[in-house]
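Chain residues, written in single-letter form:
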Amino acid sequence: MPDDLDADVDNDAEKDQTPTRSAWAGRFGRAVADRWPQLSATIGGGLALWASFPPVGWWFAAFVGFGLLAWVLTLRSTTRAGGFGYGLLFGLAFYVPLLPWISGLVGAVPWLALATAQALFCGLFGVLAVVIRQLPGWPVWFAALWAAQEWLKSTVPFGGFPWGVVGFGQTDGPLLPIARLGGAPLLSFAVALAGFSLTVVALEIVRWWHHGHKPGVPAPAVLLPGVSVAVVLLSTALLWPGVRHSGMGAGDDPSVTVAAVQGNVPRLGLDFNAQRRAVLDNHVKETMRLADDVRAGRAAQPMFVVWPENSSDIDPLANADASAQITAAAEAIDAPILVGGVVKAPGYTPDNPVANNTVIVWNPTDGPGERHDKQIVQPFGEYLPWRGFFRHLSSYADRAGYFIPGNGTGVVHAAGVPIGVTTCWEVIFDRAARESVLNGAQVLTVPTNNATFDEAMSSQQLAFGKLRAVEHNRYVVVAGTTGISAVIAPDGRELARTEWFEPAYLDSQIRLKSDLTPATQWGPIVQAVLVIAGFGAVLWVAGTALFTAMMHNGRFVPKSFRRRAANAGDDEGAT
């Protein structure tokens, strides 16, 4: 009997919950149906922004993406909560297809978690954009706010994640010269400003056509958006000749020949470290082939050679055999080699195997010389924050590295040439290349290891090198274990490149440059101005609303003033 009673109670509870679920599902379905144009535009906008990045590379799609997002956020029906939701959805549509290469390393859950974390910043942009959309000239404030959220996501948490900064998707587009004025932040601002402004123009024209297309009715007031688009295009037109002039190798800058070696790895994947002897042998072998071609006259003698990050995961400072192999390669090519190695850091113990991810200048006569220890190390890859906590969440936790950041100037010298080094992950951060150039680098190098990722990731990372070349007016040499390696001119053009997952070398003539661009000198100030403008617009609107509310409630108004106002009102009423 008690069992029957319990069964009846469970059935009654289930019956009570069924209408609730049905009602919730019905409300959700109606909400989606009512908002399908906004939802479609938001998802389409995020996908369009993704398509502006490699490997698709449709740079113009970024304008479409921003235009669709602006339309949704400026609708009267879009509340602040809706702004956050649409922004989050836009971010997911952008970041989920942008970052799938992460899943090949650690699985789908971390990939989707990272994409969601990045999308939250887009959600923040959405809610704040709704707050400031009533400001005159809102496209300017929207663009500044977008630049501000890019700064924020590139800063926190764990040092930030600049992957997905809009400017990096414009390296094949006509706005790229703007990077020479203010780097990636100003380029992102310009793209967003153009996209938002074009939205205003389009909406005003449609509104005028439907409601005011009559004799005597003036054209829509799109002066500010039109001027904004014109300024962006005019800036590009003025900057482009100088950028192209530099990229064509004109001027009196000294020319040298440099080489990049891509030795390749036996196979891709997380077991890259288990192949470390084979990887070192591959890079020695490819350098020997370059030396043979130099002696045969098929290649020019390089002044120095760049090997990739992790080209010698066997510590060449501690392992005599690895040291001998590298010395033999340097002697054969008769030039110093920048070797990407992993070396024990001070404080190393078997229980705490801390290491430096380093680039060592290996001279043919006296072996190892100057070195650059990677200063910006990758969280959850090269090191694991809160290792004890994350060990309980993922089996991959113990496979994360124990790398610690180094210090230095970001510059090493080989054959008398000051060479800037931004190792792999570092090239994404504005401060790394800038520090190298300010400390005298006349050429930039990006030694990288993409053996644990895929070709799409490599093509995106190559775009970072292109923007740095334009930003700092330097030739950039990218050397990858598996590709894509390239030599990039100061106008962003690829002078030479390798294919993906093949042994190869590049041997190219470049020019050593020493001038400083506006972006190199003033980049952080430009970014600070954009951040202050973006968040300042939000504070202005919030402060104005608060002040108005308090004035309406009588606060901050002296009692004597309120009495005089009340008496005046009574007198007027009596009159």
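Going by an unreviewed UniProt entry, the protein carries the name Apolipoprotein N-acyltransferase and comes from Mycolicibacterium wolinskyi. UniProt lists a comment for the protein under the heading Subcellular location (unreviewed entry), and it reads "Cell membrane".

Draft legend 1. Main features of the pairing of strand β9 (residues 476–480). Counting buried residues in β9 gives five out of five residues, a clear majority hidden from the surface. Both strand β8 (residues 443–448) and β9 contribute to a ladder of five bridges, which runs parallel. Paired with T448 across the two strands is G480, which belongs to β9. Handedness of the crossover joining β8 and β9 through helix α14 (residues 455–472): right-handed. In terms of strand pairing, β9 meets strand β10 (residues 486–488) through three bridges, oriented antiparallel.

Draft legend 2. Helix α11 (residues 320–333), seen in detail. Here α11 is 14 residues long and its end C-alpha atoms lie 20 Å apart, about the 20 Å a rise of 1.5 Å per residue gives. Those residues of α11 that fall on the buried side of the exposure criterion are A322, I326, T327, A329, A330 and I333. The buried residues of α11 all sit within an arc of 160 degrees when viewed along its axis, so they share a single face. In this structure, the buried residues of α11 make contact with α10 (276–295), β2 (304–306), β3 (337–344) and β4 (355–363). N-cap assignment for α11: the residue whose side-chain oxygen lies 3.0 Å from the backbone N of D321 is N319. Just beyond α11, the residue with positive phi is D334, at close to 55 degrees.

Draft legend 3. Expanded view of the pattern of salt bridges. On inspection of all chains with the given rule, the structure shows 17 salt bridges. Among the salt bridges present, the one from R289 reaches D293, with a minimum N-O distance of 3.9 Å. One end of the pair is R289 and the other is D293, both in helix α10 and four residues apart, which spans about a single turn. The exposure class assigned to R289 is partly exposed, which follows from its relative accessible area of 38%.

Calculation rules
- Residues numbered from 1 in each chain as written.
- Predicted model: local features only at pLDDT ≥ 70, side-chain atom pairs only at ≥ 80, totals over all residues.
- Heavy atoms only, no water.
- UniProt positions renumbered as here; feature names shortened; annotations may be inferred.
- Buried < 20%, exposed > 50% of the residue type's maximum accessible area, 1.4 Å probe, protein only.
- Helix = DSSP H or I, 4+ residues; strand = E, 2+ residues; numbered from the N terminus.
- Pairing = 2+ DSSP bridges.
- Right-handed = clockwise from strand over helix to strand, strands pointing away.
- Expected span 1.5 Å × (residues − 1).
- Arc of directions from axis to C-beta.
- Contact = heavy atoms within 4.5 Å.
- Polar contact = N/O pair within 3.5 Å; in protein donor to acceptor, adjacent residues only side chain to side chain.
- Salt bridge = Lys/Arg side-chain N within 4 Å of Asp/Glu carboxyl O.

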